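The lines below spell out each chain.
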Amino acid sequence: MLESIEITKKFVGKTAVDNISMKLESGHIYALLGPNGSGKTTWMKMVTGLIKPTSGYIMYNGAPIGIPSRREIAYMATEPYFYDWMTIADVGKYYQDFFEDFSMEKYHTLLGRMELDTKMKTKNLSSGMMAKLKVAVTMARNAKVFLLDEPLNGIDLIARDEVMQAAIENAAPDNMLIISSHLVEELESVVDSAIFIKDAKLAGIYNIEELRQNEGVSLADKYREVFGHAVGGEN
Amino acid sequence: MLNLIKYEMRKTWKIKAILLVITAVLQVVFLIGLYGENETALGIGTGFLFMTAIVGVAVIGIYSIILLRNDLNTKQSYMLFMTPNNSYKILGAKAIECGLSVWIIGLFFTALGALDGILVLEKFNELDSLFKIIKAMLADIGEFTTPTLFSYAAAMLASALFSIATAFFAVVLSATLLNGKKYNGFISVFVFFAIQILVGYIFNKLPFDLDMVNVAGGLTTAGFYVIPTVIMFFITAWIMDNKLSV
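Rules behind the numbers
- Residues numbered from 1 in each chain as written.
- Chains lettered and ligands numbered in written order.
- Predicted model: local features only at pLDDT ≥ 70, side-chain atom pairs only at ≥ 80, totals over all residues.
- Heavy atoms only, no water.
- Contact = heavy atoms within 4.5 Å.
- Buried area = accessible area lost by both parts, 1.4 Å probe.
- Salt bridge = Lys/Arg side-chain N within 4 Å of Asp/Glu carboxyl O.
- Helix = DSSP H or I, 4+ residues; strand = E, 2+ residues; numbered from the N terminus.
- Pairing = 2+ DSSP bridges.
- Axes fitted to C-alpha atoms, helices over the stretch in contact; angles between N-to-C directions.
- Parallel < 35°, antiparallel > 145°, perpendicular 65-115°, else oblique.
- Nonpolar A, V, L, I, M, F, W, Y, C, P; charged D, E, K, R; others polar.
- Buried < 20%, exposed > 50% of the residue type's maximum accessible area, 1.4 Å probe, protein only.
- Expected span 1.5 Å × (residues − 1).
- Arc of directions from axis to C-beta.
- Domains from an automatic or database assignment.
- Polar contact = N/O pair within 3.5 Å; in protein donor to acceptor, adjacent residues only side chain to side chain.

Points about the interface of chain A and chain B
Now for step 1: Between chain A and chain B, the residue contacts involve 25 residues of the former and 26 residues of the latter.
Now for step 2: Between chain A and chain B the total buried area reaches about 2600 Å² when both faces are included, carbon and sulfur atoms providing 62% of it.
Now for step 3: For the chain A face of the interface with chain B, the top three residues by lost area are Leu50, Tyr83 and Phe98 of chain A, together amounting to 27%.
Now for step 4: Applying the counting rule to chain A against chain B returns two salt bridges.
Now for step 5: Elements represented by at least two residues in the side of chain A that touches chain B include exactly α2 (67-70) and α3 (88-98) of chain A.

What about the sheet that holds strand β8 (residues 176-180) of chain A?
Residues and elements named next belong to chain A.
Now for step 1: With respect to topology, six strands assemble into an open sheet ordered β6-β7-β8-β3-β9-β10, the strand pairing being mixed. With partners counted over all chains shown, the strands left at the sheet margins are β6 (73-76) and β10 (201-207), one partner each. Looking at each pair of strands side by side, their axes are set apart by 15° on average, direction ignored.
Now for step 2: Packed on one face of the sheet, helix α8 (residues 208-215) meets β9 (193-198) and β10 and runs near 75° to β10.

Digging into the packing of helix α5 (residues 127-139) of chain A against helix α6 (residues 157-169) of chain A
Residue and element names in this part refer to chain A.
Now for step 1: One can describe the packing of α5 onto α6 by two numbers: an axis separation of 10 Å at closest approach and a directional angle of 10°. Between α5 and α6, the interaxial angle falls into the category roughly parallel. Note on element contacts: α6 touches α5 through Ala159, Glu162, Val163, Ala166 and Ala167, opposite Lys132, Val135 and Met139.
Now for step 2: Partitioning the contact of α5 with α6 into residue classes produces six nonpolar, no polar and two charged.

Some remarks on the pattern of salt bridges
Residues and elements named next belong to chain A.
Now for step 1: For the coordinates displayed, the defined rule picks out 18 salt bridges over all chains.
Now for step 2: In this structure, Lys201 and Asp18 form a salt bridge, with 2.9 Å as the shortest nitrogen-oxygen distance. Linking Lys201 in strand β10 with Asp18 in strand β2 (residues 14-24), this pair joins segments that are 183 residues apart in sequence.
Now for step 3: Lys201 sits in the partly exposed class, given a relative accessible area of 44%.

Quick word on helix α7 (residues 184-204) of chain B
All names here are of chain B.
Now for step 1: Look at α7: 30 Å from first C-alpha to last across 21 residues, which is about the 30 Å you get at 1.5 Å a residue.
Now for step 2: By the burial criterion, the buried members of α7 are Asn184, Ser188, Val191, Phe192, Ile195, Val199, Gly200 and Phe203. All buried residues of α7 project into a common sector of 155° when viewed along the axis, lining one side. For α7, the exposed residues set more than 90 degrees away from the buried face come down to Phe186, Phe190, Ile197, Leu198, Tyr201 and Asn204.

What about the sheet that holds strand β1 (residues 2-11) of chain A?
Residue and element names in this part refer to chain A.
Now for step 1: Here we have four strands laid out as an open sheet, ordered β2-β1-β4-β5, and antiparallel in their pairing. Here the strands that pair on one side only, and so sit at the sheet edges, are β2 and β5 (63-64).
Now for step 2: Of the strand pairs in this sheet, β1 and β2 are connected by seven bridges, and their pairing is antiparallel. For Ser4, the partnering residue across the bridge sits in β2 and is Met22.
Now for step 3: Along the sheet, helix α1 (residues 40-48) contacts β1, β2 and β4 (55-60); its crossing angle with β1, the most-contacted strand, is approximately 120°.

Topic: the domain arrangement of chain B
Residues and elements named next belong to chain B.
Now for step 1: Taken as a whole, chain B is organised into domain 1 (1-141) and domain 2 (143-246).
Now for step 2: When domain 1 packs against domain 2, the two sides together hide about 2100 Å² of surface, and 83% of this comes from carbon and sulfur.
Now for step 3: Taken as a group, Leu72, Tyr88 and Leu91 account for 31% of the area that domain 1 buries against domain 2, more than any other trio of residues on that side.
Now for step 4: Between domain 1 and domain 2 we count zero salt bridges in total.
Now for step 5: Our count for the domain 1 to domain 2 interface comes out at one residue pair in polar contact (both at pLDDT 80 or more).
Now for step 6: Elements that contribute at least two residues to the side of domain 1 that touches domain 2 include exactly α2 (39-73), α3 (77-81), α4 (87-123) and α5 (127-141).
Now for step 7: In terms of residue count, α4 provides more of the side of domain 1 that touches domain 2 than any other element does, eleven residues in total.

Written out as structure tokens, the structure reads:
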């Protein structure tokens, strides 16, 4: 279980994450939704330990996040972050060297499906290829928590399908996927829950099925409602 | 830890390869000058080899500081800090790689210099004169033995590592506690020099024999610099572990 307890992150002149508390359970695929600058990336980076919170805690299975949790939490940043000198093969070797749960076999399977050549230099990859590589290397881990930050950014429809397919194939009862994206419709058929973050604050956690049954709205409708463009206003 | 060191070495191999190629070219110029009896080539080869040796060792040290700065301030930092390694290991790998590189390259240039010196004197059939000159020099500075040489090298290495550890501290300070503050860069440079001067001042006040060209003096100097180096290392790693956001 992943627990965010009154977590706050302030940068100079800006509060990026403001007092967010929530509990996330294994066996779910969460969409992390919110406009640009709402705090999604900062929250994810705090979960991975890349950013230290100003106050509050992130707990993973009852313990504060730290070195042990990094062994079980796989993070895919939205920006390219591989060393310039690396080939696609080097990236896999690097993950194999540092993460015990990394499967080289699975990595090569994903690369094959995504038509990525292991000899290619990462610095020469197009944005679509880079997105696929990041997903492939992240999803080749057998992690307990997958954090995918904007995995669909800047890639075409076909590549999106491949990326999402690779991501959801890893979903299992003993792990959780948290996927942030602006493309709400793309996520709607994949996720079972959605976390809304608005102006650095938690605006709600919704079960997609319950939304449909109880409120009769889709995830996209709820998104519009929460972030200011109410469905009713369109009538 | 070994994996971290391996990748630190991978990051620095290009600069070392460049240094090696430059040295090889200059060595060829030197040999052409020596055996082709071309004084200009001999002069250029000797002068630039000497300069490359001094600059080369410094460049390796400075490059490791630049690498740390990049690892803290670019997105490539994720490659290090999302791995299950604490900052003590990450910084330790950098320090070990840098220390080893400086030591090996220093040793390499010392050996190359000695070899070239012997070649020159052999060419001019003056090896006997060389040994006489060396003996006369050693008589002036005391007993110059293998232990003396190693203790001197240890003192130089320890002093260089202290400077690098201080620079690591200044870089980390800039990326953490001073991040976003006005005059961030200026303050971190000031802190670097302030620590260097303070430790140098304490060193000069020590009531020991600090002549580095004898075993006791060399080892005392090395031992002295190990202490602030270790202190700087632990403070820096602690700040990284507790305050660093990348």
